[in-house]
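# Architecture at a glance
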Amino acid sequence: MTLVWKLLRQHISIPQLAGFFLANLFGMTIVLLGFQFYHDVASALTAEDSFMRSGFLVINKKIGTGSTLSTEANHFSDAEIDDIESQDFITALGTFTSAAYKADANMSVNGTSVLNNGEISFESIPNQFVEVPLKAWKYTPGSKEIPIILPKIYLTMYNFGFAQIHSLPKISEGLVGLVDFYIHIHANGYTDTYRGKVIGFSNRLSSILVPQAFMDWSNQRYAPHQSVAPTRLILTVKNPSDGHFTKYLDKKGYEQENDKLDAEKTTYFLRLLVTIVIIIGLVISALSFYILMLSIYLLLQKNSEKLENLLLIGYTPRQVAWPYRKLTLVLNFGVLLIAFVILFAVRCYYMSIVESLFPNLDDRGVWPTLLVGFVLFILVSTFNHIAIGRKVIHIWKYRN
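Residues numbered from 1 in each chain as written. Predicted model: local features only at pLDDT ≥ 70, side-chain atom pairs only at ≥ 80, totals over all residues. Heavy atoms only, no water.

### Let's talk about the overall build of the protein
Heads up, the rule is: Under the scheme used here, helices are H or I runs from DSSP no shorter than 4 residues and strands are E runs no shorter than 2 residues, and both carry numbers assigned from the N terminus. With a 1.4 Å probe rolled over the protein chains alone, any residue whose accessible area is under 20% of its type maximum counts as buried; one over 50% counts as exposed, and the rest are partly exposed. Whether two residues are in contact is decided by their heavy atoms: any pair within 4.5 Å suffices. Accessibility throughout is a Shrake-Rupley quantity obtained with a 1.4 Å probe, and a residue counts as covered only by protein chains that appear here.
Scanning the protein for helices and strands turns up ten helices and twelve strands. Across the 400 residues that make up the protein, the buried fraction comes to 43%. In the protein, of all internal contacts separated by at least 6 residues, the share reaching a separation of at least 24 is 82%. Looking at the protein as shown, the accessible area adds up to about 21,700 Å², and 60% of this sits on carbon and sulfur atoms.

Following this line, the structure appears as structure tokens:
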């Protein structure tokens, strides 16, 4: 086969093969990078909150203007709550219960003070909406330790504010043990200090979440003669896109918190952008495939007389086609390897940025993208193999 290759390698156009190689490398890199970037980033945008049940909606009253701009106007009355709960499209409903007293807190991370006597607010929701084991989300009246879930903004403020300024290490959600949280309550003649046992962070909360048992007990202890009507409701519906549900909200002057909707919109546009990029990469790869096949066809045509002589002296079409198939296989594999190297280099760069924005992001790895690359390599190499074989057989039959 070495002699056959030496005979057939004449007329090979190095510029044409280099053009194919670079174009295919460019297209393959675009496809793999687009797929990997979406694979890495989409998980951060679509991740469900690990501490609050998925599939629920939060609604509140639309903020009024003028004479309707008042705290009371934004509260839900018992009659309004009963009316919402009686609707056929509602499957479950709960209220956000707020603390009727004021409290201060001290927060430190790994022994470094972050928050000193800052005023904080508490909220609680029914346990059925909290995705936490009951033994971890339990409070015994009178206990000085309270399980709490902090808003993720606390973690973000520490990582991108305090930690950067003071050259401290950033922390992720898995390092909640480094967070010390103490709550100080001065109300109704009592002065008590509680240790907040941080069990996690939530991106759906704007205040500290505590067990319903602690909220009921503490409101009775520190503000027995005060009651705070809920301003937000948490509920589940049979179909969030049901026209009856949306019409009911508009009719009553309610609105749905759109944090999940914004995430879905962002993910949709990200998916659309990545799809366009991948299509462009595939088009470039297809054009490079065309360039390669055109080069091979021209090479075969120039060597048609030599091919005929080889076939006449006993070489099979498969033996004659093998040097060209080997050439395309080596080129395609070289493209794949270099594309992988570029993929790893670029990913290392952008993942440092992504992980700083989403400290709790799970690294899904690159195996799916590597699989996509190998699939493309096999497909392109198979097409080359078939096309070259058909061309050689065509020349053989034509000469005969």
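Structure's up, so let's keep going.
### Some details on the packing of aromatic side chains
This is how it is decided: By convention, a stacked pair of Phe, Tyr or Trp rings (six-membered ring in the case of Trp) has centres within 6.5 Å and planes under 30 degrees apart, an edge-to-face pair has planes over 60 apart, and any other such pair is tilted. As a reminder, the over-ring test applies to NZ of lysine and CZ of arginine, requiring each to be within 6 Å of the ring centre and within 35 degrees of the ring normal.
With the rule as written, the count across this model stands at 16 aromatic pairs. Ring geometry for Tyr194 against Phe214: centres 5.8 Å apart, planes inclined by 75°, an arrangement best described as edge-to-face. Within this pair, whereas Tyr194 is found in strand β9 (residues 190-202), its partner Phe214 is found in helix α5 (residues 212-222), the two being separated by 20 residues in sequence. An aromatic cluster of at least three residues, connected via ring pairs, comprises Tyr101, Phe122, Tyr139, Tyr190, Tyr194, Phe214, Trp217 and Tyr222. Over the ring of Phe76 we find Lys61, and its NZ or CZ is 5.6 Å from the ring centre. The aromatic ring of Tyr194 is capped on one face by Lys144, whose charged end is 4.7 Å from the ring centroid.

### Looking at the pattern of salt bridges
Defined as follows: When a carboxyl oxygen of Asp or Glu is within 4 Å of a side-chain nitrogen of Lys or Arg, the pair counts as a salt bridge.
Per the stated rule, a full pass over the model turns up seven salt bridges. Salt-bridge contacts for Asp40 lead to Arg347; the nearest nitrogen and oxygen are separated by 2.9 Å. A residue pair is termed long-range when its members are at least 10 positions apart, and Asp40 in helix α2 (residues 14-46) and Arg347 in helix α9 (residues 317-357) qualify at 307 residues. Summarising the burial analysis for this pair, Asp40 and Arg347 share the class buried.

### Let's talk about the sheet that holds strand β1 (residues 57-61)
Just so we agree on the cut-off: Strands pair, by our definition, only if DSSP identifies at least two bridges between them. Orientation is described by axes fitted as lines to C-alpha atoms, over the contacting stretch for helices, and by angles from 0 to 180 degrees between their N-to-C directions.
Spatial strand order, β2-β11-β1-β12: four strands in an open sheet with antiparallel pairing. The sheet is open, and its two edges are formed by β2 (90-95) and β12 (254-256), each paired on a single side. With strand direction ignored, the average angle separating the axes of adjacent strands in the sheet is 30°. With three bridges joining them, β1 and β12 adopt antiparallel strand pairing. Looking across to β12, one finds that Lys61 is bridged to Tyr254. Sitting on the sheet, helix α3 (residues 78-85) touches β1, β2, β11 (232-237) and β12, and the angle it makes with β2 is about 155°.

### A few points about α5
Definition in use: The arc refers to the directions leading from the helix axis to the C-beta atoms.
Residues of α5 that are buried: Gln212, Phe214, Met215, Ser218, Asn219 and Tyr222. Taken around the axis of α5, the buried residues stretch over an arc of 155°, which confines them to a single face. Considering only its buried residues, α5 is in contact with β3 (97-98), β6 (122-124), β7 (145-151), β8 (179-187) and β9.

### Examining the pairing of strand β5 (residues 112-120)
Two faces, one strand: in a regular strand the side chains alternate between the faces of the sheet. Strand direction decides the pairing type here: strand β4 (residues 103-109) and β5, joined by six bridges, are antiparallel. Considered in β5, the bridge of Ala103 is made with Ile120. Counting the residues between successive antiparallel strands, the hairpin from β4 to β5 contains two residues, one of them, Asn110, with a positive phi of roughly 55°.

### Quick word on the pairing of β8
Sheet topology places β4 next to β8; seven bridges connect them, and they run antiparallel. From the neighbouring strand, Ala105 faces β8, where its bridge partner is Ile183. The sheet contact formed by β8 and β9 spans seven bridges and is antiparallel. Its bridge partner being in β9, Ile183 is matched across the sheet by Tyr194. Linking β8 to β9, which pair antiparallel, is a turn of two residues; within it Asn188 sits at a positive phi near 55°.

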